[in-house]
Amino acid sequence: MARALRASGLPRLWAARYPALAEPLVRARAAAHVSGSLARMPAPYRCAAEVALRAGRLALAGCPVPATGYDRLARLPGFGRLLAVTDSLALYGGLDGEPDT
């Protein structure tokens, strides 16, 4: 799931959309939290999420501006809900993770 998430481009979109997730360590925590949460879903949902993440990469192809890519994904059937869930998980995982030392 972590590989599919990285390939999807969502971490890059989070960094552009949420300045708090722009720092590499925070973004890494966010991605780890999202991929871990998605990996714990029942198998049919997990497979569907992985397919959606991989398909999202195709939707982002050729988008030089991350916000444009995000908007493009949000218009695809089912992606609006997936983006809302992954954004929430990313913010929770990135901002409520281990304190920086």
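Residues numbered from 1 in each chain as written. Predicted model: local features only at pLDDT ≥ 70, side-chain atom pairs only at ≥ 80, totals over all residues. Heavy atoms only, no water.

Right, let's get into the packing of helix 2 (residues 10-17) against helix 6 (residues 79-95). Between helix 2 and helix 6, the shortest axis-to-axis distance is 11 Å and the interhelical angle comes to 70°. Comparing the axis directions of helix 2 and helix 6 gives the class roughly perpendicular. Counted together, Leu10, Trp14 and Arg17 of helix 2 and Leu83, Thr86, Asp87 and Ala90 of helix 6 form the full contact between these two elements. Here the contact of helix 2 with helix 6 is composed, by residue class, of four nonpolar, one polar and two charged. (Axes fitted to C-alpha atoms, helices over the stretch in contact; angles between N-to-C directions. Helix = DSSP H or I, 4+ residues; strand = E, 2+ residues; numbered from the N terminus. Parallel < 35°, antiparallel > 145°, perpendicular 65-115°, else oblique. Contact = heavy atoms within 4.5 Å. Nonpolar A, V, L, I, M, F, W, Y, C, P; charged D, E, K, R; others polar.)

Right, let's talk about the side chain of Thr86 for a bit. Assignment of secondary structure puts Thr86 in helix 6. The exposure class of Thr86 is buried, given its relative accessible area of 0%. One polar contact links the side chain of Thr86 to the main-chain carbonyl oxygen of Leu83, over a distance of 3.2 Å. Setting aside residues no more than four positions away along its own chain, Thr86 makes contact with Leu10, Trp14, Val34 and Leu38. (Buried < 20%, exposed > 50% of the residue type's maximum accessible area, 1.4 Å probe, protein only. Polar contact = N/O pair within 3.5 Å; in protein donor to acceptor, adjacent residues only side chain to side chain.)

Attention now moves to the pattern of salt bridges. All chains considered together, the criterion is met by two salt bridges. Across the salt bridge formed by Arg17 and Asp87, the nearest N and O atoms sit 3.9 Å from each other. Linking Arg17 in helix 2 with Asp87 in helix 6, this pair joins segments that are 70 residues apart in sequence. The exposure class assigned to Arg17 is partly exposed, which follows from its relative accessible area of 42%. A salt bridge links Arg54 to Glu50, with the shortest nitrogen-to-oxygen separation between them at 3.1 Å. In this pair, Arg54 and Glu50 both sit in helix 4 (residues 43-60), four residues apart, roughly one turn of the helix. (Salt bridge = Lys/Arg side-chain N within 4 Å of Asp/Glu carboxyl O.)

Time to look at helix 6. Structurally, the α-helix is built with 3.6 residues per turn, so residues lying three or four positions apart point the same way. The end-to-end C-alpha distance of helix 6 is 23 Å, a good match for the 24 Å that 17 residues give at a rise of 1.5 Å each. Listed as buried for helix 6 are Phe79, Leu82, Leu83, Thr86, Asp87, Ala90, Gly93 and Gly94. Seen from one end, helix 6 has its buried residues packed into an arc of 140°, which puts them on one side. For helix 6, the exposed residues lying more than 90 degrees away from the buried face are Arg81 and Leu95. (Expected span 1.5 Å × (residues − 1). Arc of directions from axis to C-beta.)

Counting 21 residues, the largest nonpolar core has Leu5, Leu10, Trp14 and Leu53 as its most contacted members. Counting residues per element, the ones that place at least two in this core are helix 1 (2-8), helix 2, helix 3 (24-39), helix 4, helix 5 (66-75) and helix 6. Sequence-distant contacts of Leu5, that is, excluding residues within four places in its chain, are made with Leu10, Pro11, Trp14, Ala31, Val34, Ser35 and Leu53. (Core = buried A, V, L, I, M, F, W, Y, C linked by side-chain atoms within 4.5 Å.)

Okay, the packing of helix 2 against helix 3 next. Relative orientation of the contacting elements helix 2 and helix 3 amounts to 130°, with a least axis distance of 10 Å. In this view, helix 2 runs oblique relative to helix 3, as classed from their interaxial angle. The two elements helix 2 and helix 3 meet at a crossing, and its hand is right-handed. Across from Pro11, Trp14 and Ala15 in helix 2, the residues of helix 3 making contact are Arg27, Ala30, Ala31 and Val34. Among the residues forming the contact of helix 2 with helix 3, the class breakdown is six nonpolar, no polar and one charged. (Left-handed = near helix turned anticlockwise from the far one by under 90°.)

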